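Now for the letters of each chain:
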Amino acid sequence: MSLLKTIDPNPSFEPKHRTAEPERLIAGSPAFKTWLQDTAKNGKVNTGVFEATPGETHSIKGETFEFCHLVHGVIELTEKGREPVIYRAGDSFVMKPGYVGVWKTIETVRKIFVTVT
């Protein structure tokens, strides 16, 4: 088994589909797709691609650390008590454990992610 993993930003296999949980939905009707491409440490580290259509939801990380790199799209993240930050294709960011805020997808977004719990 190789310890080098390439993450395909345009995977050809069927993603997991879901919608926003009612208690997290703020506006719109965003749809989500997740292409999980790697998992390690008994499921505590996950890597893949995520896509969301326009809408606004509460984002709560709990104990999860998440690194994101936007492949395409535009989002606005507003951490509780802070000013909004806009991220566009090519941008990368980290949401640390304890992060609470609002995730607003302005243009359908696709990101490569790594989560650690």
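Residues numbered from 1 in each chain as written. Predicted model: local features only at pLDDT ≥ 70, side-chain atom pairs only at ≥ 80, totals over all residues. Heavy atoms only, no water.

Undergrad: Explanation requested: the packing of aromatic side chains in the structure shown.
TA: Two numbers describe a pair of aromatic rings. These are the distance of the centres and the angle of the planes. Applying the stated criterion across every chain yields a total of 3 aromatic pairs. Taken together, a centroid distance of 4.4 Å and an interplanar angle of 25° make the contact between Tyr87 and Phe93 stacked. Here Tyr87 and Phe93 have matching classes, each one buried. An aromatic cluster is defined as three or more aromatic residues linked by ring pairs; in this entry it consists of Tyr87, Phe93 and Trp103. (Phe/Tyr/Trp six-rings, centres within 6.5 Å; stacked < 30°, edge-to-face > 60°. Buried < 20%, exposed > 50% of the residue type's maximum accessible area, 1.4 Å probe, protein only.)

Undergrad: Is there a simple way to think about the UniProt feature "domain: (S)-ureidoglycine aminohydrolase cupin" (unreviewed entry) in the chain in this case?
TA: Residues given the UniProt feature "domain: (S)-ureidoglycine aminohydrolase cupin" (unreviewed entry) here are residues 41-113. The span residues 41-113 carries 0% helix and 70% strand; its end-to-end C-alpha distance comes to 16 Å. (UniProt positions renumbered as here; feature names shortened; annotations may be inferred. Helix = DSSP H or I, 4+ residues; strand = E, 2+ residues; numbered from the N terminus.)

Undergrad: How should the pairing of strand E6 (residues 65-79) be read in this particular structure?
TA: When E6 meets strand E9 (residues 100-116), the two strands line up antiparallel, connected through 13 bridges. Residue pairing across strands places Phe65 opposite Val116, the latter belonging to E9. Examined bridge by bridge, E6 and strand E8 (residues 92-95) share 4 bridges and lie antiparallel to one another. Looking at E8, one finds that Phe67 is bridged to Val94. As judged from the 4 bridges shared by E6 and strand E7 (residues 85-88), these two strands associate in the antiparallel manner. Paired with Ile75 across the strands is Tyr87, a residue of E7. In this antiparallel pair of consecutive strands, E6 and E7, the connection spans 5 residues, and Gly81 shows a positive phi of 85°. (Pairing = 2+ DSSP bridges.)

Undergrad: Even after reading the chapter, I still don't get the nonpolar core, so can you show me in this structure?
TA: In globular proteins that are soluble, nonpolar side chains generally tend to be buried together. Of all hydrophobic cores here, the largest spans 15 residues; its most connected members are Ile75, Leu77, Phe93, Met95 and Trp103. If you list the elements that add at least two residues to this core, you get strand E4 (45-52), E6, E8 and E9. Ranked by residue count, the leading element in this core is E6, at 4 residues. If we ignore the near neighbours within four places in the chain, the residues touching Phe93 are Glu66, Phe67, Cys68, Leu70, Ile75, Leu77, Tyr87 and Trp103. (Core = buried A, V, L, I, M, F, W, Y, C linked by side-chain atoms within 4.5 Å. Contact = heavy atoms within 4.5 Å.)

Undergrad: What should I look at first to understand the environment of Met1 in this one?
TA: Here Met1 lies in the segment before strand E1 (16-19). By relative accessible area, Met1 is classed as exposed at 95%. Sequence spacing of Met1 and Val94 is 93 residues, and the spatial spacing of their C-alpha atoms is 29 Å.

Undergrad: It is not clear to me how the pattern of salt bridges should be interpreted in this structure. Could you clarify?
TA: Pairing between side chains of opposite charge can happen when the charged atoms of each approach one another. Tallying each qualifying case throughout the model produces 4 salt bridges. Taking the shortest distance from any N to any O, the salt bridge between Glu51 and Lys33 comes out at 3.9 Å. Within this pair, whereas Glu51 is found in strand E4, its partner Lys33 is found in strand E3 (residues 31-40), the two being separated by 18 residues in sequence. Residue class for Glu51 comes out buried when judged on its relative accessible area of 13%. The class of Lys33 is partly exposed, set by a relative accessible area of 31%. What you see here is one network of salt bridges that share partners, running through Lys33, Glu51 and Arg110. (Salt bridge = Lys/Arg side-chain N within 4 Å of Asp/Glu carboxyl O.)

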